[in-house]
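Spelled out, the chains give:
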Amino acid sequence: MSNVQLINNLPFMLSSGYSNDNIWLTVHKRHKVKGKLLNSKMDEYTSIPLAHNHICDERRASNTDIKDCVCKWCYSYIQATIHPAIRKKMDHNSTQFSNLGYIPKKIYTINNRLRYISFGEVSSHIQVINILKHAQINNHLKKAVWSKAYGYWKGKQLNGNIENLNLIWSCSKLDCQKFIIPKGFNKSFYVYTDEEKLQESKAKAQKEGYKVIECNKMCAMCNHCYENSESTIVMEVLRMGRGKIKLS
């Protein structure tokens, strides 16, 4: 059953729920802990989570010898483990976007923005095509996709323009100083274990000619990833375990 609320006959997602094409959308809200209202990076933003794919699971496995992969500190994996209901929504969306007969519909969000793959990752070319179809029919929204799975996105196109969409490639290696923005992507997202490593990498990337933006963890105060279509690199300090992290 749809959780869309009609305002002036337009389908607005004012709270988390199923859209009119049966996709679960999370509407992020600030919440209180012990009576204190906490800051939220994505307060009043709407996002679409997906299930983790097999690569996510392999990188998270306890027997892996990968030490410098951001997936080892995956925020979405931790949250989906603590709150199993989230994982059900992630699985549901991956199933919906894997349907060859999927027909996307238009939605409206609180702040006219939408994030794809807030949790999880794409696991097939079909999912990519359906996400792009969804983005195309919602050209009025300012949208962003974060993905590490470059191979699934490579060369994917639709007939007709997709407006207001940024494709952001997420580097899986922590503290990486090899900078690229893959073909077809607007931006790249790099994660560092502390502020010192971030500043060192920022200086190196700028010296190589890249424009670098530091994530301030308050999307509404910035909106760079949603509104700016230039080729840029966005850098962030690791959200989990921001102290000294041993990678060896």
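All figures in this text were calculated on a predicted structure; none of them were measured in a lab.

Draft legend 1. Just the state of the cysteines, in detail. Summed over all chains, the structure comprises zero disulfides. The thiol sulfur of C69 is not disulfide-bonded, and the nearest other cysteine sulfur, from C71, lies at 3.5 Å. The exposure class assigned to C69 is buried, which follows from its relative accessible area of 4%. The cysteine C74 is free of any disulfide, with C71 supplying the nearest cysteine sulfur at 6.4 Å. By relative accessible area, which is 18% here, C74 ends up buried.

Draft legend 2. Focus on the sheet that holds strand β9 (residues 113-116). One open sheet holds the nine strands; their spatial order is β3-β4-β7-β9-β10-β11-β12-β14-β13, and the pairing between them is mixed. Single-partner strands in this sheet number two, and they are β3 (17-18) and β13 (211-214). Here β9 runs beside strand β10 (residues 142-147); their pairing, made up of four bridges, is parallel. Across the sheet, the residue bridging to Y116 is V145, located in β10. Against the sheet, helix α4 (residues 125-137) touches β7 (46-48), β9, β10 and β11 (165-170), its axis set at about 175 degrees to β9.

Draft legend 3. How the structure looks around the nonpolar core. Ranked by internal contacts, the top residues of the largest apolar core, which has 37 residues, are Y116, I117, V122, I131, W153, Y190 and M235. Put simply, the parts of the chain that give this core at least two residues each are β4 (24-27), β9, α4, α5 (150-153), β11, β12 (187-192), α6 (195-207) and β14 (232-237). With four residues, α4 is the single largest residue contributor to this core. Excluding residues that lie within four positions of it along the chain, I131 makes contacts with L50, F97, Y116, I117, V122 and W153.

Parameters and conventions
Residues numbered from 1 in each chain as written. Predicted model: local features only at pLDDT ≥ 70, side-chain atom pairs only at ≥ 80, totals over all residues. Heavy atoms only, no water. Disulfide = S-S within 2.5 Å. Buried < 20%, exposed > 50% of the residue type's maximum accessible area, 1.4 Å probe, protein only. Pairing = 2+ DSSP bridges. Helix = DSSP H or I, 4+ residues; strand = E, 2+ residues; numbered from the N terminus. Contact = heavy atoms within 4.5 Å. Axes fitted to C-alpha atoms, helices over the stretch in contact; angles between N-to-C directions. Core = buried A, V, L, I, M, F, W, Y, C linked by side-chain atoms within 4.5 Å.

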